[in-house]
Amino acid sequence: MNIEYLENNLLNVKDEKYLTVINFIIDAIRDYPEYELNDTAKYFNEVRKILGTNEITSITLKDYIDKNANDDNENNIWIVSSLTSLFEAFDFMNLNKISFENVLKEINSL
Amino acid sequence: MESIYSVADAINEFNPVANLWDVAAYAFTGKDRFGNKMSQGQAYLKAAVVLPIGKIGGSGINMFKSLTAKFGPGYSSVSVMQGKYMGIEVGQKLNQLSPGVWSKVYEAGTLNGAKVETHYFYNATTGEYANPFIKWSGWGSFNH
């Protein structure tokens, strides 16, 4: 889902918890340093490649951030910024017992 | 379509390999890699793009005093908005390299007349821009 479309339809998200999660995800996609990447599915695929696993969880995200925060690649600070926003989304989901699958369903229903 | 080509050309203009090639070609022939005559000023600008003003060794952070120092004189700012969330890891890293109040900024700008959206970290204390990049053509983050 294109995040511009997503932002234009945020008023249709009735549950504020989902709204918070989706806003973190939009933030994460904005920060990801790839030109013209604005699609949620493409972004999650990129994250899976970066993490080296199909499992996107708060644990795999935190592990990557902790191990790579000081990498000297020019794109790294934006990747870390992006994954930090995504980590916040997952942390918030854990606290509120929201599954990633349900977030994706909510996004796709907009 | 013309606008897409314009942005693609503009991005290529800051391709470090292409610019380094032009700088090397200028040093020997006074022309760019395509054989077009280049002024000394144009060669210096290309060299400046290849060698950022404030690269901080080993950190992956490049600091600029202005966005035109990064994108060239064809860049101009139109409007800005602050990013909603900036992680503490990023703030700490930037602060170690250049102390001050850092924020994440999304900027609607134009590059050689084409709309582009630029993202960067900004130190309000020192006026430095860190790791600016063009995220997309158009002003997507400003259209809602």
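Keep in mind the model is a prediction, meaning the values are calculated, not measured.

Caption draft 1: Representation of the confidence of the model for chain B. Residue and element names in this part refer to chain B. Per-residue confidence for chain B gives a mean pLDDT of 76, with 59% of residues at or over 70. With pLDDT under 50 throughout, residues 9–17 is counted as low confidence; its partners more than four residues away or in other chains account for ten contacts. Ignoring residues within four places in sequence, the model shows residues 40–52, a span with pLDDT below 50, making 17 contacts including any to other chains. Predicted complex, confidence summary: ipTM 0.91, pTM 0.77.

Caption draft 2: Geometry of the environment of A:Asn68. Residues and elements named next belong to chain A. Relative to the elements of secondary structure, Asn68 occurs in helix α4 (residues 58–68). The exposure class of Asn68 is partly exposed, given the 15 C-beta atoms found within 10 Å. Considered as a pair, Asn68 and Val80 are twelve residues apart in the sequence and their alpha carbons are 7.6 Å apart. The contact partners of Asn68, leaving out residues within four places of it in the chain, are Asn76 and Val80.

Caption draft 3: Highlighting the environment of A:Asn12. Residues and elements named next belong to chain A. Structurally, Asn12 can be placed in the loop between α1 (3–8) and α2 (16–31). For Asn12, a count of 10 C-beta atoms within 10 Å corresponds to the exposed category. For Asn12 and Ser109, which are 97 residues apart along the polypeptide, the C-alpha to C-alpha distance reads 9.5 Å.

Conventions we followed
Residues numbered from 1 in each chain as written. Chains lettered and ligands numbered in written order. Predicted model: local features only at pLDDT ≥ 70, side-chain atom pairs only at ≥ 80, totals over all residues. pLDDT = per-residue confidence, 0-100. Contact = placed C-beta atoms within 7 Å. Helix = DSSP H or I, 4+ residues; strand = E, 2+ residues; numbered from the N terminus. Buried ≥ 20, exposed ≤ 12 C-beta atoms within 10 Å, placed from the backbone.

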